[in-house]
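Reading the structure
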Amino acid sequence: MTSYLAQAYYCYKGLFTWLSWPAYISNVFLRPVLFVVMFAILGRFTRSSAEAQEYMVGMAAYSIVSIILAGVTQSFFYDRAFGTLPFLFGSAVNRTTNFFSRGALHLPNGLMSVATSLLVAWLLLDLDMSPDWLAMSSSILLIGVASTGFALFVSMFAVMFRNWNNSLGISLGLTLVLTGVVIPRDELPGILSESGHALPLTHGLAALRESIQGANVRSVGDDLLMELAVGLSYAAIGALIFRLIEAQSKRNGTLWLTG
């Protein structure tokens, strides 16, 4: 545990470039709140107040994915770009411990983002909330866990390719469009609607929306379990790819797909 915490701290401290106060506050707090406000206004003027409520909760939940995905992905990319990743592959450190430690301190950022966004939506935008607090807290936490697992998986593409923004942008775009954040999944074409099941946030967001209106843990339990399963699956696949990248780099003397 000591090794895990130490690696989590040093990876976060050394490889997360948003740790200056202006960058941290703007990315973790201000940007998510502005997205919630923007989509709340959009929903009210283009559809209805009920749609605005859906947008507010959706964008608040999406802030978890966006901050965790960006933070973890850049951590792996800068490990490669700064030339420190080969030292990791040459060391005796436990690879699984190091891999999973990358997301540990980004998860709290995601939780703070959604908490701030929901608070602002409630205080300033008249978000209708009568929550079951246990169900709502569980939904938010599991969205964060699933997002962390997904981020660890996506980060492997940032290790293999030079431009980490491509992997980040595609992943964020898919999550925004296919999980029901702003477009109801039942309004998407069949294959796109079904694709949402394979992404984090889909089931957690459904649980969060219901729990904010008073549904208890038992009512949203299936969605919570599915959200957890999605996140753990991505994390396991990401850990396997990480080991394959190491094996390939040792055989070839270079990282995979560096072009």
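Now for a quick tour of the structure. (Residues numbered from 1 in each chain as written. Predicted model: local features only at pLDDT ≥ 70, side-chain atom pairs only at ≥ 80, totals over all residues. Heavy atoms only, no water.)

1. Let's talk about the overall build of the chain
Along its length, the chain carries 11 helices and zero strands. Taken from N to C terminus, the helices and strands of the chain fall in the order α-α-α-α-α-α-α-α-α-α-α. In terms of C-alpha radius of gyration, the chain reaches 19 Å, essentially the compact-globule figure of 18 Å for 259 residues. Judged by the C-alpha coordinates and their principal axes, the chain covers about 60 × 40 × 35 Å. When burial is assessed residue by residue, the chain has 51% of its 259 residues classed as buried. For the chain, the accessible surface area stands at approximately 12000 Å², while carbon and sulfur atoms represent 67% of it. In the chain, 14 side chains carry a positive charge and 14 a negative one; their mean positions are 18 Å apart. (Helix = DSSP H or I, 4+ residues; strand = E, 2+ residues; numbered from the N terminus. Rg over C-alpha atoms; globule rule 2.2 N^0.38 Å. Buried < 20%, exposed > 50% of the residue type's maximum accessible area, 1.4 Å probe, protein only. Areas by Shrake-Rupley, 256 points an atom, 1.4 Å probe, with all protein chains shown as cover. Lys, Arg positive; Asp, Glu negative; His and termini not counted. Charge placed at Lys NZ, Arg CZ, Asp CG, Glu CD.)

2. Describing the nonpolar core
Grouped together as the largest cluster of nonpolar side chains are 67 residues, with contacts concentrated most on Phe 76, Met 156, Leu 201, Leu 208 and Phe 242. Looking at this core element by element, the count peaks at 17 residues for helix H3 (residues 49–81). Sequence-distant contacts of Leu 201, defined by excluding residues within four places in its chain, comprise Ala 61, Tyr 62, Val 65, Ile 143, Thr 175, Thr 179, Val 181, Ala 206 and Glu 227. (Core = buried A, V, L, I, M, F, W, Y, C linked by side-chain atoms within 4.5 Å. Contact = heavy atoms within 4.5 Å.)

3. Some points on the packing of H3 against helix H10 (residues 202–212)
Axis separation between H3 and H10 bottoms out at 10 Å; the angle between their running directions is 130°. Comparing their axes, H10 and H3 come out oblique. For H3 against H10, the interelement crossing comes out right-handed. Residues Glu 54, Val 57, Gly 58 and Ala 61 of H3 pack against Leu 205, Leu 208, Arg 209 and Ile 212 of H10. Each residue belonging to the contact of H3 with H10 can be placed in one class, and the counts come to five nonpolar, one polar and two charged. (Axes fitted to C-alpha atoms, helices over the stretch in contact; angles between N-to-C directions. Parallel < 35°, antiparallel > 145°, perpendicular 65-115°, else oblique. Left-handed = near helix turned anticlockwise from the far one by under 90°. Nonpolar A, V, L, I, M, F, W, Y, C, P; charged D, E, K, R; others polar.)

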